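Coordinate inspection notes
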Amino acid sequence: MKKFSSKEKAVKINIESIHYGTVAEIGGGQETARHLFQAGGASNSIAKTVSAYDKLFSDHFYNEDMPSRHVSEDRLCKMVKYEYDELIKILDKANSQKFFAFANTVETINFNKTNQGNGWLGIMVEGSDRYNPNLILIHVKLLENDTLLQQYTLGTLGVNLIYGGLFLLDNPTEILLSLTDNLDSDRVEIDYIHTSGPDFNNVDNRLLNLMLVRNNMTPAIMFDKTGKVIQPGDMLYKKNIILNRGYFRPIHNLSMKFIEDSMEVFKRDEDYTPENTIAFCEISLNYLMQGEEVDESDFLHRVDLMNLMGQSVMVSRFKRYFELVKYFGQFRIIKLRIVMGLPTFDKILTNQGYDDLRGGVLQMMGILFAENVKIYLYPSINQETGEIVYPDDNHFPSDIRLLWQYLIETRKILIIKTLTPDNVGVNTKFITSLIEDGNSKLRFYVPDLVYKEIKKNRLFGYNERL
């Protein structure tokens, strides 16, 4: 599909669109409106533009009933609904064009550069039903280190979103992919998208958000225990995080034991409360790839089964654990606990794979073991003897033995000793073989609810024996 410049899109919105509507912008100037007015012909498409910068004005129009933060998803939803309802109230009988209401609420970088620019953009647009419009919301991080540059980026994003909502309503995938037209990846990150409305009934927002990761528009996405996509900043704010990485194809008993035992350990921490602590099952995008593509149904099955077991889910582009720690470091989390098996830890604690770091393994260690980070380490099993292997000084090569001793002495690593030999050796390859063979022994290695779902819906190539 041909990519148009921002000016070309603005001209098409004004001249070729059958829509008429409102542009409301708070924070970052009126950059979207500026694009539309400078393109010419805005009288064909714009009923009103507004910028309620003063907080009392903003609250009067968009927040009288239930208070919300000024830069938030809730505030954006109130903005687009208010403006769309105004169009209906004033122009319903007087204008035969279809209606739209675009809004953004944004925090750009401040003078002292002590914050990160971010914001919410959305459009409510008439499709098949004027009185039941469609909604598209996105959250963005503005990555440039200058207010003026962030404003330019914001204007381009606004034009892209309006253009997508007016011209690509029947193709949500194209709307998503067009959001970064005329923008480089180092200027903006889009870490959340939500669609709803009668013309989006067949859209799965989990797959749309997975596309953000797949297309390098964001490094990670998150789902809560119900499978609802949540913007990472909102989900992580002032939370303790317990992170367990795996394939989860499907989640099995050993994974659940890792999570449950780790939570029991963390409950003894002074910062723990049930409300401020989240356990994530995290999947690297690499684990979802089938060649060059993602198997979407396979992905959804994994998420559904993890949600079935009451687990929140994270999908990321990160291959290395220290990159995960850096990612969480940008949010105001309390503490991070990473659940890890000894074989994985052995691979991490080597001098290989860190050629891109000038400090090699020492630099990696400094990032991985940040002030608020610890590793909950599980043992491995000796394949010959069947005995559990707990790490000690002699387990590690001499060149990293002192590093290991330091991590143990400072309690940056806690060794979990709750496993038994019969469950340590369970891995994805073993579980997959049971599934593909339709082996009834599978029920001993996965939760009962998971086993019933796999068998009932023949998930992951389940081939029940006759």
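See the structure shown above.
Let me begin by describing the structure that accompanies this report. Just so it is clear, the structure is predicted and the values come from calculations on it, not from any experiment.

**Focus on the sheet that holds strand β6 (residues 188-196)**
Taken in spatial order, the six strands line up as β2-β1-β3-β4-β5-β6 in an open sheet, and their pairing is mixed. Bordering the open sheet on either side are β2 (46-50) and β6, each of which pairs with just one other strand. Averaged over neighbouring strand pairs, the angle between their axes works out to 10 degrees when direction is ignored. As defined by bridge partners, strand β5 (residues 134-142) adjoins β6 across eight bridges and the pair is classed as antiparallel. Bridge pairing in β6 places Leu142 opposite Val188.

**Points about helix α7 (residues 205-214)**
With nine of ten residues buried, α7 is to be regarded as a mostly interior element. Phi turns positive, to about 60 degrees, at Asn216, one or two residues after α7.

**Description of the pairing of strand β9 (residues 240-245)**
With six of six residues buried, β9 is to be regarded as a mostly interior element. A two-sided burial pattern is seen for β9, the buried positions comprising Asn240, Ile242 and Asn244 on one face and Ile241, Leu243 and Arg245 on the other. Handedness of the β9-helix α9 (residues 253-266)-strand β10 (residues 277-284) crossover: right-handed. In the sheet, β9 pairs with strand β14 (residues 336-341) via four bridges, with the strands oriented parallel. By the bridge assignment for β14, Ile241 is matched with Leu336.

**Brief notes about the nonpolar core**
With 68 residues, the main nonpolar core has Leu210, Phe223, Ile251, Leu288, Phe299, Leu442 and Ile454 as its most contacted residues. The residues contacting Ile251, other than those within four sequence positions of it, are Met256, Ile259, Cys281, Leu305, Met306, Met309, Gln311, Val446, Pro447 and Val450. In this structure, Phe318, Met340, Leu349 and Ile375 belong to the second largest nonpolar core, which totals 41 residues.

So, how was this worked out
- Residues numbered from 1 in each chain as written.
- Predicted model: local features only at pLDDT ≥ 70, side-chain atom pairs only at ≥ 80, totals over all residues.
- Heavy atoms only, no water.
- Pairing = 2+ DSSP bridges.
- Helix = DSSP H or I, 4+ residues; strand = E, 2+ residues; numbered from the N terminus.
- Axes fitted to C-alpha atoms, helices over the stretch in contact; angles between N-to-C directions.
- Buried < 20%, exposed > 50% of the residue type's maximum accessible area, 1.4 Å probe, protein only.
- Right-handed = clockwise from strand over helix to strand, strands pointing away.
- Core = buried A, V, L, I, M, F, W, Y, C linked by side-chain atoms within 4.5 Å.
- Contact = heavy atoms within 4.5 Å.

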